[in-house]
Amino acid sequence: MRISTLFGRTLRQAPAEAELASHNLILRAALARPLSAGIYSYLPLGWRVIRKIEAIMRDEMDRIGGQEMHMPVLNPAEHWKETGRYFAIGPELIRIKDRAEREYVLAMTHEEIITDLARRELRSYRQLPFMVYQIQTKIRDEARPRGGLIRMREFLMKDAYSFHEDQQALDEYYPSVYQAYRNIFARSGLRVIDVEADPGMMGGTGSHEFMMLSDSGEDTLVICSQCGYAANVEAARANKKDRVGEHQRLEALKPLEGVATPGVKTIQQLTEFFTLPAQDFLKTVLYMACGELVAVAIRGDLEVNEAKLARALQCSDLRLASDEEIARAGTVVGFASPVGLKNVRVVLDDSVDGDAFIAGANKPDTHLRDVHYPRDFAADAVADIALAQAGQTCLQCGNDIEMRRGIEVGHTFKLGYKYSEAMGAKFLNPEGKEVIVIMGCYGIGLDRLLAAIIEQNHDDKGIIWPKSVAPFAVHLAALGVEDAEVSGVAEKLYLDLMSRGCEVLYDDRDETAGVKFNDADLIGIPLRVTVSRRTLDKGSVELKQRTSRDFHLVKLDQAIEAITQECTA
RNA sequence: CGGGGUGUAGCGCAGUUGGUUAGCGCGCAUGGUUUGGGACCAUGAGGUCCCCAGUUCGAGUCUGGGCACCCCGACCA
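Rules used throughout
Residues numbered from 1 in each chain as written. Chains lettered and ligands numbered in written order. Predicted model: local features only at pLDDT ≥ 70, side-chain atom pairs only at ≥ 80, totals over all residues. Heavy atoms only, no water. Helix = DSSP H or I, 4+ residues; strand = E, 2+ residues; numbered from the N terminus. Buried < 20%, exposed > 50% of the residue type's maximum accessible area, 1.4 Å probe, protein only. Contact = heavy atoms within 4.5 Å. Areas by Shrake-Rupley, 256 points an atom, 1.4 Å probe, with all protein chains shown as cover. Lys, Arg positive; Asp, Glu negative; His and termini not counted. Charge placed at Lys NZ, Arg CZ, Asp CG, Glu CD. Pairing = 2+ DSSP bridges. Domains from an automatic or database assignment. Phe/Tyr/Trp six-rings, centres within 6.5 Å; stacked < 30°, edge-to-face > 60°. Salt bridge = Lys/Arg side-chain N within 4 Å of Asp/Glu carboxyl O. Axes fitted to C-alpha atoms, helices over the stretch in contact; angles between N-to-C directions. Parallel < 35°, antiparallel > 145°, perpendicular 65-115°, else oblique. Left-handed = near helix turned anticlockwise from the far one by under 90°. Nonpolar A, V, L, I, M, F, W, Y, C, P; charged D, E, K, R; others polar.

Q: Give a detailed account of the overall build of chain A, specifying residues and quantitative values.
A: The number of helices and strands found in chain A is 15 helices and 29 strands. When the backbone C-alpha atoms are referred to their principal axes, chain A occupies close to 100 × 65 × 50 Å. Put simply, chain A has 569 residues, and 53% of those count as buried. Excluding contacts between residues fewer than 6 apart, the proportion of contacts in chain A whose partners are at least 24 apart in sequence is 69%. On chain A, roughly 25500 Å² of surface is accessible, and the fraction owed to carbon and sulfur atoms is 49%. Positive and negative side-chain charges in chain A, numbering 69 and 84 respectively, have mean positions lying 3 Å apart.

Rendered as structure tokens:
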């Protein structure tokens with residue numbers, strides 16, 4: 001490709017909107033251009049990178065028996081109603097109508113469609129297992145697109161779906177996808193860690209996320225450097241340290257005692273008022289969960305993990321209750337507690353044991369001393385619903401846990417029977433009995449992966465592409481193109497390399513050396529080859545790796561060979 | 001959805017108490033001089049000042065409404 005005719009110009013200054021390094025470089029290096037919030041067009045340079053990433057994915061998915069296919073973005077709403085997701089998912093699922101007022105959705109993922117296909121095609125256990133995948137556009141009306149290609153409303157995803165006879169067969173297959181994913185990221189030049197994850201709206205029995213560690217990541221991760229435990233904070237379990245102090249055990253009961261606490265509402269204020277540590281208080285948070293008011297009680301030094309709570313309640317429609325809803329339940333914000341609350345489900349974090357706590361009295365400006373569970377209130381459920389925090393220890397090895405930020409680039413799920421059951425995807429087992437098929441699903445965001453690779457591979461001059469995904473293998477720069485010998489040698493080199501199957505970006509423009517070198521550094525192709533008066537006087541061309549500051553001369557008659565070797569290495 | 005910010009040439013920005021023909025840098029075009037790390041000179045093209053309504057003799061500037069984009073949070077695979 002000749003830069004003189006390449007569609008898309010590099011920018012000296014990035015648009016002010018770009019804050020992330022990847023966002024900035026994607027714009028400056030002319031990889032992509034914004035169309036609307038979270039919606040981008042790829043320019044030729046960026047699209048070549050996507051194609052490279054796709055090729056790696058196809059190779060790895062095919063290797064574990066995947067079959068590539070393709071499913072529509074425009075889906076009848078009916079399928080999404082069958083699984084209930086039409087109602088369970090909020091406005092990020094775009095719902096539209098056609099000319100005949102028929103309801104459609106724009107697919108944000110394809111479980112419904114593949115499961116519909118599976119129930120039509122699948123008859124016998126002999127057809128199992130199978131895995132199909134596609135590389136497709138997904139549409140999600142994100143509340144807040146951000147970070148350039150990191151969080152988009154229209155994005156590219158490689159999604160894969162596997163079907164198995166039973167849980168055991170799924171469990172046996174799952175690690176091969178995990179390994180394929182590790183291979184994809186390794187081959188793309190991205191260092192990732194995998195963490196235990198919350199399946200969220202996808203449902204299912206187990207899931208892992210592949211995370212690139214980055215301070216600008218949206219996800220918080222809990223990591224134990226000792227034993228390797230790693231989890232998204234949404235799913236993370238950690239050792240809630242035992243309480244220390246004067247609080248009495250249940251054996252030494254004191255009666256409940258009311259205390260006037262005018263205006264003392266937060267745990268922070270309570271610790272100051274009583275001069276006691278936060279863990280001596282019982283914090284009660286009221287939620288509306290699927291239309292029902294729920295009181296969630298947890299030790300004062302801990303925070304509620306809403307993902308865990310949603311799972312404990314088996315309800316994904318979770319939000320904090322409004323003041324009116326709380327008043328209707330007969331309590332008041334800042335002074336709530338499960339003690340004496342009527343007609344409200346109580347979920348208790350397992351950190352709350354038989355010790356004495358100070359809790360709200362469900363009336364203004366009053367707290368209760370010596371609240372004991374289960375003496376003074378009942379819980380409908382006791383579960384781990386606490387958010388893991390820095391300072392806590394690892395449940396597996398006792399080491400201190402670490403909190404890091406990460407960008408999610410891939411996610412694998414054991415879906416279980418959620419979709420196959422809802423849509424009736426069944427087969428006949430060897431005994432001739434009809435059974436429901438079990439599923440797994442696996443996704444990687446291509447745009448986000450591209451952005452993540454740049455986040456991890458750049459310097460102050462520009463992108464440093466790993467060879468495997470670089471848009472071209474060689475950046476050929478001719479300095480001083482009005483010199484007939486320079487342009488002649490460069491032209492010939494360009495054509496010869498091309499004929500050898502080497503992908504060359506040829507800077508044939510009439511620009512100064514500085515402009516060409518800076519563009520080469522910005523675009524970030526692994527090998528730079530320079531032809532100039534200076535190199536020709538030595539009968540040579542100059543080779544330089546993007547990763548290095550050093551360069552060396554290669555004689556003209558050996559240049560093709562040397563460069564081709566780099567190309568294909 | 002809540003909070004904050006920004007909309008003026010392709011990009012980055014300036015534009016005074018409302019006052020003539022809206023500027024600067026980069027980029028772009030043409031010509032010339034240059035040529036190993038974002039050259040220089042000259043000439044030139046390029047603007048619904050986000051949109052609508054209003055106030056005013058007069059609006060980029062003031063008022064009201066709307067829209068778009070960015071950042072933080074909430075939400076989310």
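Alright, that's what it looks like, and here's the rest.
Q: Requested: an account of unusual backbone geometry, with residues and values cited.
A: When glycine is set aside, most residues are seen to have a negative phi, and most peptide bonds are trans. In this model, L128 is joined to P129 through a cis peptide bond whose omega is -5 degrees. Looking at the element boundaries, P129 is found in the loop between α5 (111-121) and β7 (130-139). In the segment running from Y373 into P374, the intervening peptide bond is cis, with an omega of 10 degrees. Positioned with a positive phi, T275 is a non-glycine residue whose angle comes to about 45 degrees. Within the secondary structure, T275 sits in the loop between α7 (267-274) and β14 (282-289). For D370, which is not a glycine, the phi torsion comes out positive at approximately 60 degrees. Within the element layout of this structure, D370 appears in strand β19 (residues 366-371). Under the relative-accessibility criterion, D370 is labelled buried at 10%.

Q: Before we move on, can you summarise the pairing of strand β1 (residues 32-36) with the specific residues and values?
A: Taken together, the four bridges between β1 and strand β2 (residues 39-42) define a ladder with antiparallel strand orientation. The partner of A32 across the bridge, within β2, is Y42. The antiparallel hairpin formed by β1 and β2 contains two residues in its connecting segment, where G38 sits at a positive phi of about 70 degrees.

Q: I'd like to hear about the domain arrangement of chain A, residue by residue, with values.
A: Interface size, as often reported, equals the accessible area lost upon joining of the parts. Domain annotation for chain A reports domain 1 (17-190 + 416-454), domain 2 (257-383) and domain 3 (472-568). Computed over C-alpha atoms, the centres of domain 2 and domain 3 are 69 Å apart.

Q: Lay out the pairing of strand β27 (residues 527-532) with the relevant residues and their values.
A: Consecutive residues of a regular strand have side chains that alternate between opposite faces of the sheet. Burial runs high along β27: six of the six residues are buried. Direction of pairing for strand β25 (residues 474-479) relative to β27: parallel, over a ladder of six bridges. Across the sheet, the residue bridging to A477 is T530, located in β27. Where β27 and strand β28 (residues 540-545) come together, four bridges link them in antiparallel fashion. If you follow V529 over to β28, its bridge partner there is L543.

Q: Help me get a handle on the packing of aromatic side chains, residues and values and all.
A: Tallied over the full model, the rule gives twelve aromatic pairs. Measuring from ring centre to ring centre gives 5.1 Å for F273 and F274, while their planes differ by 70 degrees; the resulting arrangement is edge-to-face. Look at F274 and you get buried, because its relative accessible area is 10%. Grouped by ring-pair contacts, the aromatic residues Y178, Y181, F185 and F210 constitute a single cluster.

Q: I'd love a proper account of the pattern of salt bridges, names of residues and values included.
A: Overall, the coordinates contain 46 salt bridges when judged by the stated rule. Its salt-bridge partner being R375, residue D376 comes within 2.8 Å of it at the nearest N-O pair. Overall, the relative accessible area of 32% leaves R375 in the partly exposed class. Among the ionic contacts, a cluster of salt bridges with common partners joins K240, K308, D349, D350 and D384.

Q: Give a detailed account of the packing of helix α2 (residues 44-63) against helix α11 (residues 446-456), specifying residues and quantitative values.
A: Packing of α2 against α11 brings their axes to within 10 Å, and their N-to-C directions diverge by 105 degrees. Between α2 and α11, the angle is such that the two are roughly perpendicular. Counting all contacts with α2, which are made through G46, V49, I50, I53, E54 and M57, the residues of α11 involved are L446, D447, L449, L450 and I453.

Q: Account for the sheet that holds strand β26 (residues 504-507), naming residues and giving values.
A: Read from one edge of the open sheet, five strands run β26-β25-β27-β28-β29, paired in mixed fashion. At either margin of the open sheet sits one strand with a lone partner, and together these are β26 and β29 (551-555). The mean inter-strand angle of the sheet, taken between neighbouring strand axes irrespective of direction, is 25 degrees.

Q: Just give me the short version of the packing of α2 against helix α6 (residues 167-187), but keep the residues and values in it.
A: One can describe the packing of α2 onto α6 by two numbers: an axis separation of 9 Å at closest approach and a directional angle of 155 degrees. Comparing the axis directions of α2 and α6 gives the class roughly antiparallel. Relative to α6, α2 is oriented so that their crossing is right-handed. Where α2 approaches α6, its residues I56, M57, D59, E60, M61 and R63 are matched on the opposing element by A180, Y181, N183, I184 and R187. Here the residues of the contact of α2 with α6 sort into six nonpolar, one polar and four charged.

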